[in-house]
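Understanding the architecture of this molecule
In case you want the letters, here they are:
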Amino acid sequence: MQNRLICVLNTDRPSGYNKIGHEMDIIETIKEQIAGNRVLLYMKGSPNQPQCGFSARTVEALMACGERFAYVDILSNPEIRTTLPQYANWPTFPQLWVDGELVGGCDIICEMSESGELLTLIKENAPTSTAE
């Protein structure tokens, strides 16, 4: 199967940014990422090199759907790793967000994959190509 993913989201902050309101800045970054990507996976590592078994299983289920998705490597983004669980009210990673809504983590994604629900959800919400 050809890997048809992925966009990496830049979460770098300029050096010397104002730390007052830092958590609010991170929440705004998270909100922008979720709003700007119809299918978004917060994971440990990258889809080509997951850094934990749960992320690997989730990526495998997503890739089986054959559609593009965005991801954020939370190991490279410690502020997001710390803040997202509070924002999402979901304590663990990976986290799959589709059309602005938290779908769940590894167990839920794998169950949805086995039942066929994940394929339907991803196909309905996959980013459309802008190339004509």
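Each remark here, short or long, concerns the structure printed above.
Quick look at the structure, then. (Residues numbered from 1 in each chain as written. Predicted model: local features only at pLDDT ≥ 70, side-chain atom pairs only at ≥ 80, totals over all residues. Heavy atoms only, no water.)

1. Digging into the pattern of salt bridges
Applying the stated criterion across every chain yields a total of 3 salt bridges. For Asp99, the salt bridge is made with Arg38, and the minimal N-O distance between the two is 3.4 Å. Of this pair, Asp99 sits in the loop between strand E6 (95-98) and strand E7 (101-104) while Arg38 is found in the loop between helix H1 (22-36) and strand E2 (39-43), placing the two residues 61 residues apart along the sequence. Taking the relative accessible area as the measure of exposure, Asp99 reaches 45% and is therefore partly exposed. On the basis of relative accessibility, which here comes to 37%, the residue Arg38 falls in the partly exposed class. (Salt bridge = Lys/Arg side-chain N within 4 Å of Asp/Glu carboxyl O. Helix = DSSP H or I, 4+ residues; strand = E, 2+ residues; numbered from the N terminus. Buried < 20%, exposed > 50% of the residue type's maximum accessible area, 1.4 Å probe, protein only.)

2. Details of the packing of helix H2 (residues 53-63) against helix H4 (residues 106-115)
When two helices pack together, their arrangement is captured by the angle between the axes and the distance separating the axes. At their nearest, the axes of H2 and H4 sit 9 Å apart, and the two run at 30° to each other. Relative to H4, the element H2 is oriented roughly parallel. Read as a crossing pair, H2 and H4 show a hand that is left-handed. Mapping the contact onto sequence places Phe54, Arg57, Thr58 and Ala61 in H2 and Cys106, Asp107, Ile109, Cys110 and Ser113 in H4. Tallied by class, residues from the contact of H2 with H4 come to 5 nonpolar, 2 polar and 2 charged. (Axes fitted to C-alpha atoms, helices over the stretch in contact; angles between N-to-C directions. Parallel < 35°, antiparallel > 145°, perpendicular 65-115°, else oblique. Left-handed = near helix turned anticlockwise from the far one by under 90°. Contact = heavy atoms within 4.5 Å. Nonpolar A, V, L, I, M, F, W, Y, C, P; charged D, E, K, R; others polar.)

3. Comments concerning the pairing of strand E5 (residues 70-73)
With burial as the criterion, each face of E5 is covered, one bearing Ala70 and Val72 and the other bearing Tyr71 and Asp73. Pairing between E2 and E5: 4 bridges, direction parallel. Paired with Leu41 across the two strands is Tyr71, which belongs to E5. (Pairing = 2+ DSSP bridges.)

4. As for the packing of H4 against helix H5 (residues 117-125)
One way to put it is that H4 packs onto H5 with a least axis distance of 4 Å and a crossing angle of 95°. By the angle between their axes, H4 is roughly perpendicular relative to H5. Here Ile109, Met112, Ser113 and Ser115 of H4 lie close against H5, whose contacting residues are Glu117, Leu118 and Leu121. Of the residues belonging to the contact of H4 with H5, the class tally is 4 nonpolar, 2 polar and 1 charged.

5. Re the environment of Gln49
Considering the arrangement of structural elements, one finds Gln49 in strand E4 (residues 49-50). According to the relative accessible area criterion, Gln49 is exposed, its value standing at 56%. Considering only alpha carbons, one finds Gln49 and Val59, 10 residues apart in sequence, at a separation of 9.9 Å.

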